[in-house]
Amino acid sequence: MKIAPSMLSCDFSKMGQEAKRMTEAKADWLHMDIMDGHFVPNITFGAPIIKSVRAISDLPFDVHLMIEHPLKYIDDFCDAGADIITFHVEAKSDIKKTIEKIKSRNCKPGLVIKPKTPASAVFPYLEDIYMVLVMTVEPGFGGQSFMEDMLPKINEIKEEAKRRGLEILVQVDGGINAKTIGDAAEAGADVFVSGTGVFKAENATAAIMELKAIALKNS
Ligand code: DX5
Ligand code: ZN
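Residues numbered from 1 in each chain as written. Chains lettered and ligands numbered in written order. Predicted model: local features only at pLDDT ≥ 70, side-chain atom pairs only at ≥ 80, totals over all residues. Heavy atoms only, no water.

Undergrad: Before we move on, could you go through the coordination of the zinc ion (ligand 2) and cite the residues and values that matter?
TA: The coordination sphere of the zinc ion (ligand 2), as far as protein atoms go, consists of His 31 (NE2), Asp 33 (OD), His 64 (ND1) and Asp 173 (OD), spread over 2.1 to 2.3 Å. Taken together, the 6 donor atoms coordinating the zinc ion (ligand 2) span angles of 69 to 169° at the metal, a pattern that classifies the geometry as octahedral. On the basis of relative accessibility, which here comes to 4%, the residue Asp 33 falls in the buried class. Given a relative accessible area of 8%, Asp 173 falls into the buried group. (Donors = N, O, S within 2.8 Å, 3.2 Å for Na, K, Ca; no water. Tetrahedral: all angles 85-135°; square planar, octahedral: opposite > 155°, others 65-115°. Buried < 20%, exposed > 50% of the residue type's maximum accessible area, 1.4 Å probe, protein only.)

Below you can see the structure in the form of structure tokens.
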């Protein structure tokens, strides 16, 4: 079980310090939300920013690409220090080629599905990926409400992976906090992204500890 704070909710005027704060708060991974203003109606940051933060934290960087043409930018994000790269099945790049490109750069590939996309959309690729990210909000913005009707997808993916003898991580992203993480853990999720729930908490260490405790109790 892993907690991945989303840097989307950090104070961007001091990203390095924020990454350090999460490292000290015992985050497992750092989740980086990359948005291009095309795939989603919002723009965040790109590879140069990740590269600067890379110098400050040793945590695995989990880079979530919400961009139209992920394949074009895989080299940039790998060069910047990404460890895990997830991209959307709804994006325009060839999925197999993008997975292969990520692997060729020694990064771990993951596929993301938006709320309206069924779990079965990732089934053709299960053999080739490290993780599936089930979005529990419409991608684009932090601070939205958790969509609990997404939870059955977690089980569908886990069951299909099990049937084929595969070990695949399932990640959830969007509206994860102390009230919602229990249900996501019970549904079988392994990795929990939390932006607002961790960054806006009075004490990030306590917030992460609480999230971990609830997730463990329910998994
Ligand atoms: C949404 C992003 C999420 C978001 C999560 O497009 O992918 O990672 O930052 O933020 P919260 O936890 O505030 O919903
Ligand atoms: Zn994300």
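Undergrad: Describe helix H1 (residues 15-24), naming the residues involved and giving the relevant values.
TA: Among the residues of H1, those classed as buried are Met 15, Gly 16, Glu 18, Ala 19 and Met 22. Viewed end-on, H1 has its buried residues packed into an arc of 165°, placing them on one side of the element. Turned more than 90 degrees away from the buried face of H1 sit Gln 17 and Glu 24, all of them exposed. At its buried positions, H1 is contacted by strand S1 (2-5), strand S2 (30-35), helix H2 (47-54), helix H7 (196-199) and helix H8 (204-218). Remark: Lys 26 follows H1 within two positions and exhibits a positive phi of approximately 70°. (Helix = DSSP H or I, 4+ residues; strand = E, 2+ residues; numbered from the N terminus. Arc of directions from axis to C-beta. Contact = heavy atoms within 4.5 Å.)

Undergrad: Break down the environment of Glu 90 for me, with residues and values.
TA: Tracing the backbone through its elements, the reader meets Glu 90 in the loop between strand S4 (84-88) and helix H4 (95-104). Leave out the neighbours within four places in its chain, and Glu 90 touches Phe 39, Val 112, Ile 113, Lys 114 and Thr 117. At a separation of 2.9 Å, a polar atom in the side chain of Glu 90 contacts the side chain of His 88. One polar contact links the side chain of Glu 90 to the main-chain amide nitrogen of Lys 114, over a distance of 2.7 Å. (Polar contact = N/O pair within 3.5 Å; in protein donor to acceptor, adjacent residues only side chain to side chain.)

Undergrad: Kindly report on the sheet that holds strand S5 (residues 108-113), identifying the contributing residues and their values.
TA: Spatially, the 8 strands line up as an open sheet ordered S1-S8-S7-S6-S5-S4-S3-S2, and their pairing is parallel. Unpaired on one side and paired on the other, S1 and S2 mark the two borders of the sheet. Averaged over all pairs of adjacent strands, the angle between their axes in this sheet comes to 25°, without regard to strand direction. Examined bridge by bridge, strand S6 (residues 131-135) and strand S7 (residues 169-173) share 5 bridges and lie parallel to one another. The residue bridging Leu 133 from the neighbouring strand is Gln 171, located in S7. (Pairing = 2+ DSSP bridges. Axes fitted to C-alpha atoms, helices over the stretch in contact; angles between N-to-C directions.)

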